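Structural description and commentary
Residues per chain, in single letters:
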Amino acid sequence: MTVLAPVPPATRHALPPAARRARRRSARLGLVAWCAGILFCLPAAWMVLTSLHSEPDAATSPPSLGAALTLDAYRAFFGAGGGVDPWPPLINSTTASVCSTLLVLVLALPAAYALSIRPVRKWTDVMFFFLSTKMLPAVAGLLPVYLFAKNAGMLDNIWLLVVLYTSMNLPIAVWMLQSFLADVPVSIIEAAQVDGARLPTVLVRIVAPVAAPGIAATALICFIFSWNEMLFARVLTGVTAQTAPVFLTGFVTSQGLFLAQLCAASVVVSLPVLAAGFAAQDKLVQGLSLGAVK
């Protein structure tokens, strides 16, 4: 029986020159990625830090990094000093974003199914039509929508925003879901149909679970677009249906810019989107990479 001599530690850890160069290149790229990530996060970190300063400290130039931290801006935002109540705009934004996202998914899933798994004739022309609806600048359709809402008595109505956000996000949702559903195996759908499953059952019990990462990614993007929309909300709403982005503009007044309160309000308004992204981060990564590798 032959006994092999142990490999010396220096030889065991020695790498070929090409491997060492690859490792150093990977380390440099990782360092660049970390620096870029920190650079992109700096504005958000600066916003959070400013929200924790008092108004005089937040307005100093250059900014005072070592100023005392306080929650006065958050107390003022939530109406501790007798200010405007922020909960109605936040509830309006939540209602418009959630309801429009659910409607988009209900309408886009069958459309994407027809364009991918059971493609209709000239489906590429249909896809281009969906894309062409996003080529019109939003401001170009503002006046017709305003006149329609005025004549229909729907100004300052949150359900008008739900319909608008649904129509605005539907084309991009169909485009995204079509690419995701194209990777769903047709064999499992045919097996379910052989067992007697109808189209609603196939969509809910077969297609939706398989394409769940793509559906989650689409829902999150539609939710973000709806939550951040301000142009139509600014023109079509007043007090009753005012949304959170419109509410933020109220901190820029003729008396001046309340920078600390504006940053505190921006942090609070950003939290729902960050929470939704954190909750769906695993599905989001799977959905955005779905179909990337065959």
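Residues numbered from 1 in each chain as written. Predicted model: local features only at pLDDT ≥ 70, side-chain atom pairs only at ≥ 80, totals over all residues. Heavy atoms only, no water.

Counting secondary structure elements, the chain contains 15 helices and two strands. Taken over 294 residues, the chain has a buried fraction of 33%. For the chain, restricting intrachain contacts to residue pairs at least 6 apart in sequence, the fraction spanning at least 24 positions comes to 75%. Of the roughly 17800 Å² that the chain leaves accessible, carbon and sulfur atoms contribute 71%. (Helix = DSSP H or I, 4+ residues; strand = E, 2+ residues; numbered from the N terminus. Buried < 20%, exposed > 50% of the residue type's maximum accessible area, 1.4 Å probe, protein only. Contact = heavy atoms within 4.5 Å. Areas by Shrake-Rupley, 256 points an atom, 1.4 Å probe, with all protein chains shown as cover.)

Where helix α11 (residues 212-228) contacts helix α14 (residues 259-279), the two axes come as close as 10 Å, and the packing angle between them is 175 degrees. With respect to each other, α11 and α14 are oriented roughly antiparallel. Along the contact surface, α11 presents L220, F223, I224 and W227, while α14 presents V269, P272, V273, A276 and G277. Taken together, the residues of the contact of α11 with α14 sort by class into eight nonpolar, one polar and no charged. (Axes fitted to C-alpha atoms, helices over the stretch in contact; angles between N-to-C directions. Parallel < 35°, antiparallel > 145°, perpendicular 65-115°, else oblique. Nonpolar A, V, L, I, M, F, W, Y, C, P; charged D, E, K, R; others polar.)

Counting 26 residues, the largest nonpolar core has A108, Y113, I117, L181, I189 and V207 as the members making the most contacts within it. Sorting the residues of this core by element identifies α5 (87-116), α6 (123-132), α8 (158-181), α10 (199-210) and α11 as the ones contributing at least two each. Beyond its immediate sequence surroundings of up to four residues, I117 is in contact with A112, L181, V184, I189 and V207. (Core = buried A, V, L, I, M, F, W, Y, C linked by side-chain atoms within 4.5 Å.)

On the surface, a nonpolar cluster with roughly 490 Å² of combined accessible area is contributed by W34, I38, L39 and L42. Following the sequence through the fold, L42 ends up in helix α2 (residues 17-51). With relative accessibility at 46%, the residue L42 sits in the partly exposed group. (Patch = residues over 30% accessible without salt bridge, like charges linked within 9 Å, V, L, I, M, F, W, Y side chains within 5 Å. Salt bridge = Lys/Arg side-chain N within 4 Å of Asp/Glu carboxyl O.)

Taken as a whole and assessed by the stated rule, the structure comprises one salt bridge. Across the pair D72 and R75 runs a salt bridge, and its minimum N-O distance is 2.7 Å. Here D72 pairs with R75, and both are found in helix α4 (residues 72-77), just three residues apart, close to one helical turn. The exposure class of D72 is partly exposed, given its relative accessible area of 42%. Looking at R75, the relative accessible area reads 44%, which means it is partly exposed.

What follows covers the packing of α5 against α8. Taken N-terminus to C-terminus, the directions of α5 and α8 make an angle of 35 degrees; their axes are 6 Å apart at the nearest point. Two packed elements cross with a definite hand, and for α5 against α8 that hand is right-handed. Along the lines of polarity and charge, the residues of the contact of α5 with α8 split into 21 nonpolar, seven polar and no charged. (Left-handed = near helix turned anticlockwise from the far one by under 90°.)

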